[in-house]
Amino acid sequence: MPYSSEHRELVRGKIVQSARRLFNRHGFNAVSIDDIMADAGLTRGSFYAYFDTKSDLYATSITAILSEKSIENWDGVSVDPRAQDVAAEIIGDYLSVSHFENVDGTCPLVALPNDVSRTEQSVKRAFESVLKVLIDIFEQGLERKGDAARKRALAIAALCVGGMVLARTIEDRALADELREAAKGVALSLGRW
């Protein structure tokens, strides 16, 4: 007897969450399909019932942050979308200690950029869609204040993602904290928040 569509979606979601966690922690090339399926508590054979390739799963795991969670529930980022200065809240939470320490559940923009630059177009498009959402949020926040928005929104997104990437790549925790705080301060000042 075939599984119900609800069961199928639950299993697919389990695979995506395992993949996202492992890709965030180890990168695309270091994680095998066997690793993902074992982490999900499933056998390798069932992988192909849900995804055509590992790259297909990778693209899905990148966009999962948009399709599975609303912005107020991004892992490591707790934002009230009704707040007047939602962009300022995102900057603060994005560059927070909790987001810094949550490697497994982090935003794919922080964990995966180096891998994405060396992979298939579908993965690059998925990564780009997440980045565009972040930029749009910042741009809308700036426009509500009557400010010229596009270039500053792009710079703010670069500060958020780049600040966290740099902070995560070094061993010196004090310097990492300084980098995050500096990126947050400049990003907030660009938005005049």
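### Let's talk about the pattern of salt bridges
Next up, step 1: What the rule picks out here adds up to nine salt bridges.
Next up, step 2: Its salt-bridge partner being Arg180, residue Asp177 comes within 2.9 Å of it at the nearest N-O pair. Here the residue Asp177 and the residue Arg180 both occupy positions in helix H10 (residues 173-190), the gap between them amounting to three residues, near one helical turn.
Next up, step 3: Asp177 gets classed as partly exposed once you look at its relative accessible area, which sits at 24%.
Next up, step 4: A salt bridge links Lys184 to Glu181; the shortest N-O distance between them is 3.3 Å. Residue Lys184 and its partner Glu181 are both found in helix H10; the two are separated by three residues, about one turn of the helix.
Next up, step 5: Overlapping salt bridges bring together Glu101, Arg173, Asp177, Arg180, Glu181 and Lys184 as one network.

### Considering the environment of Cys107
Next up, step 1: Its location among the elements puts Cys107 in the loop between helix H5 (97-101) and helix H6 (108-111).
Next up, step 2: We classify Cys107 as buried; its relative accessible area is 2%.
Next up, step 3: Once the C-alpha coordinates of Cys107 and Asn24 are considered, the two residues, 83 residues apart in sequence, prove to be 8.5 Å apart.

### Some thoughts on the nonpolar core
Next up, step 1: Counting residues in each nonpolar core, the largest one holds 49 residues, and the members touching the most others are Ile15, Ile36, Leu57, Tyr94, Leu109, Leu134 and Phe138.
Next up, step 2: Elements that contribute at least two residues to this core include exactly helix H1 (5-26), helix H2 (33-39), helix H3 (54-67), helix H4 (86-94), H6, helix H8 (121-144), helix H9 (150-169) and H10.
Next up, step 3: It is H8 that contributes the most residues to this core, nine residues altogether.
Next up, step 4: Leu109 has contacts with Tyr94, Phe127, Val130, Leu131, Leu134, Val161 and Val165, leaving out every residue within four places of it along the chain.

### Quick word on the confidence of the model for the chain
Next up, step 1: The share of residues in the chain with pLDDT of 70 or more is 82%, and the mean pLDDT across the chain is 83.
Next up, step 2: Of all helices and strands in the chain, the one with the weakest mean pLDDT is helix H7 (residues 113-116) (67), whereas H2 scores best (96).
Next up, step 3: Low pLDDT, under 50, characterises residues 68-77; the predicted model gives this stretch 30 contacts beyond four residues in sequence or across chains.

Procedures and definitions
- Residues numbered from 1 in each chain as written.
- Predicted model: local features only at pLDDT ≥ 70, side-chain atom pairs only at ≥ 80, totals over all residues.
- Heavy atoms only, no water.
- Salt bridge = Lys/Arg side-chain N within 4 Å of Asp/Glu carboxyl O.
- Helix = DSSP H or I, 4+ residues; strand = E, 2+ residues; numbered from the N terminus.
- Buried < 20%, exposed > 50% of the residue type's maximum accessible area, 1.4 Å probe, protein only.
- Core = buried A, V, L, I, M, F, W, Y, C linked by side-chain atoms within 4.5 Å.
- Contact = heavy atoms within 4.5 Å.
- pLDDT = per-residue confidence, 0-100.

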